[in-house]
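Commentary on secondary and tertiary structure
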Amino acid sequence: MNSTHEVFNQPEPLVDYNLFDTNRPLRDALKFNAPTLQTTQLHELGATLGSAGMQAHARLANVHTPELHTHDRFGRRIDEVEFHPSYHALMSAAVGAGLHGTPWTGTSASPHVLRAAGFMLFTELEPSILCPISMTYAVTPALRGNAAVHADWAPKLGSLWYDPALKPFGDKPGVTMGMGMTEKQGGSDVRANTSQAVRAGGSDAWGERYAITGHKWFFSAPMCDAFLVLAQAPAGLSCFFLPRVLPDGSRNAIRIQRLKDKLGNKANASSEVEFHGATAWLVGDEGRGIPQILEMGTMTRLDCALGTSGLMRQALAIALNHASRRMAFGKPLIDQPLMKNVLADLALESEAATALAIRLARAFDHQSEEHERLMARLLTPVAKFWICKRGSAFAQEAMECLGGNGYVEEGGEGIMARIYREMPLNSIWEGAGNIMALDLLRGLRKGDAVAALEKELAPARGQHAALDRLADALPARIEAMASEAEARRLAQDVALAVQAALLVQTAPPAVAHAFCASRLAGDWGHAFGTLAAGTDFDSIIQRAQPR
């Protein structure tokens, strides 16, 4: 009997490969920004994250989503979130790789760059469990505003041990932290927050205690060990340290109302909570909550740029793997001229995102230098805006490279579909596009921003005429476009200029020339796959191949 279901011309999944060793753009970005960096740890992490076993954990953590248990079977309020074991396996791997609070205590000469590269690699595997990892990274330095809390908690926030148990921090080898800022009536306008903090009439080693009453509309990772939250104190909006379990072992008055039913980011337990006189301690001065949240937001915004760059790389790798092994119209799909154009265009976008994100991470390793402080201030909103804004269009085009196979979930096996659902999030949280554009305008008022940008672009001068023209025009554009109505356009221009300058210094000529010709000189259409016919497609694609 003839078979009617012989499976052929279906590429095998991209699995059991080293995410770091095969990522030449990332390796070149590290050589440029941290030339003495030891990458043995990244090599080992890349092998682990590319394995079939870890991919299975990523699938299971997203298919078996977190479950909220407000009460135990006896009717006692417990407010606990139950995760699939694969979630804990992924968290253990991320903490063990030092992707959380370790840069603040690490011995590496470039701890933020090292951590950034690891964060990008992990995002390729599974981004949604990284929410508490990113928040722990961001809040660790902010705790210095309460020296006693910082002294007790910082060592465990940098520990490589992950312990998911809900118990006092003193009984745990390592801890994680989250944040509670957003309320339903204000969103990004945290000045509209209504949660109230009143002095509770007692003090201890961590200072005077406060009682917080109110709600938070988005409260990610509610099973973290502690949180930094914003609430209105007598002197105004202030930042507070709020542990999940109090030092005496009792549970704090945090009531989880529900878990968010989201488009993506499924493994992460985003929630709505209420505080019923929850005990907290002041971090910093009363009325200074806004500056503190902006400082923390700088770190989480870096992670948004890193995360989207990692997702771009994984989507590109899957598309390249598919096109290299799929026959279409008599030859491999990757040899079809139009597909070459699409893949090469995606490769340019991915490498530019990687270059900019790692450059930004370098700025945090050199905050004693005035130029690097200015670049961190300017490039954080620029990278967050532009890289994340490009992510969704990138994911859609990469998905299309797989055709219908890319759109299929298949019990979590469809990684491209998971990436597509995840992509919009980094553009939204920690400040959406308009917030980033406005933040760039604020950054332009800090120091001599024009001189800093000119210095940043100077090493790339003379390499491409379009880049020279944009670099020449930027000072005037900054002067003319430093208004709210044109802030997005300005963020785009700065991003493209810095990306181009980085690529002409770190990438092969085929990559740098094609990027400048398309993104700066206008030899490009309005969709991916519209590069000029004379582009060196083969060289660009070969550099991006994951195998």
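A short tour of the structure in this document, coming up. The model shown is predicted, which means the values in this text are computed figures rather than measured ones.

Scoring rules and cut-offs
Residue numbers here run from 1 along each chain, matching the order of that chain's written sequence. Two thresholds apply to this predicted model, a pLDDT of at least 70 for residue-level local features and 80 or more for giving and counting side-chain atom pairs, whereas whole-chain, interface and lining totals are computed over all residues. The side-chain quantities take in all heavy atoms of the structure and omit both hydrogens and water. Within this scheme, the nonpolar core is defined by two criteria: the residues are buried Ala, Val, Leu, Ile, Met, Phe, Trp, Tyr or Cys, and they are joined through side-chain atoms within 4.5 Å. Categorising residues by exposure relies on relative accessible area from a 1.4 Å probe, with only protein chains included: less than 20% of the type maximum marks a residue as buried, more than 50% marks it as exposed, and the intermediate range marks it as partly exposed. In this description a helix means any DSSP run of H or I spanning at least four residues, a strand means any run of E spanning at least two, and both kinds are numbered starting from the N terminus. Note on contacts: a residue pair is in contact if any heavy atoms of the two residues lie within 4.5 Å. Neither His nor the chain ends contribute to the count of charged residues, in which Lys and Arg are positive and Asp and Glu negative. Salt-bridge detection follows one rule: a side-chain nitrogen of Lys or Arg within 4 Å of a carboxyl oxygen of Asp or Glu. Any N or O atom pair separated by 3.5 Å or less is treated as a polar contact, with the protein-specific requirement of one donor-capable and one acceptor-capable atom, and with residues adjacent in sequence counted only for side-chain atom pairs. The reported arc concerns the directions from the helix axis to the C-beta atoms and nothing else. Axes here mean lines fitted to C-alpha atoms, for a helix over just the part in contact, with angles spanning 0 to 180 degrees between N-to-C directions. Here roughly perpendicular refers to angles of 65 to 115 degrees, roughly parallel to angles under 35, roughly antiparallel to angles over 145, and oblique to all remaining angles. Less than a right angle of anticlockwise turn of the near helix away from the far helix marks a crossing as left-handed, whereas a clockwise turn marks it as right-handed. Throughout, the ten residues Ala, Val, Leu, Ile, Met, Phe, Trp, Tyr, Cys and Pro are labelled nonpolar, Asp, Glu, Lys and Arg are labelled charged, and all others, Gly among them, are labelled polar.

Regarding the nonpolar core
Of all hydrophobic cores here, the largest spans 185 residues; its most connected members are Trp153, Leu228, Phe240 and Phe241. In terms of residue count, the dominant contributor to this core is helix α9 (residues 337-364) (17 residues). Among all residues touching Phe240, those that are not within four sequence positions of it are Ala197, Tyr210, Ile212, Phe227, Leu228, Val229, Ala231, Ala233, Ala280, Trp281, Leu282 and Val283.

Thoughts on the side chain of Arg244
One can find Arg244 in the loop between β7 (236-243) and β8 (254-259). It turns out Arg244 is buried and unbridged, and the closest side chain with the opposite charge, Asp79, is 6.1 Å from it. Of note is the side chain of Arg244, whose polar atom sits 2.8 Å from the backbone oxygen of Pro222.

Some thoughts on helix α13 (residues 433-443)
Every buried residue of α13 is accounted for by Gly433, Met436, Ala437, Asp439, Leu440, Leu441 and Gly443. Next to the buried residues of α13 lie α8 (289-325), α10 (370-401), α12 (415-428), α15 (465-481) and α16 (487-506).

Observations regarding the environment of Asp16
By secondary structure assignment, the location of Asp16 is in the segment before α1 (24-33). On the basis of relative accessible area, Asp16 is assigned to the exposed category, the value being 52%. When the C-alpha atoms of Asp16 and Pro164 are compared, they prove to be 28 Å apart, with 148 residues separating the residues in sequence. Excluding residues that lie within four positions of it along the chain, Asp16 makes contacts with Gly50, Ser51, Ala52 and Arg547. Separated by 3.0 Å, the side chain of Asp16 and the backbone nitrogen of Ala52 make a polar contact.

Comments concerning helix α2 (residues 40-49)
Within α2, the full set of buried residues consists of Leu42, Leu45, Gly46 and Leu49. Along the long axis of α2, the arc covered by the buried residues comes to 105 degrees, so they all point the same way. For α2, the secondary structure elements touched by its buried residues are α1, α3 (52-63) and α5 (111-125).

Side note on the packing of helix α17 (residues 509-520) against helix α18 (residues 537-544)
Two numbers describe how α17 lies on α18: the axes approach to 9 Å, and their chain directions differ by 115 degrees. When the axis of α17 is compared with that of α18, the two are roughly perpendicular. Seen from above, α17 lies across α18 with left-handed handedness. Residues Ala510, Val511 and Ala514 of α17 touch α18, and the partners they reach there are Ser539, Ile540 and Arg543. Its residues assigned to classes, the contact of α17 with α18 shows 4 nonpolar, 1 polar and 1 charged.

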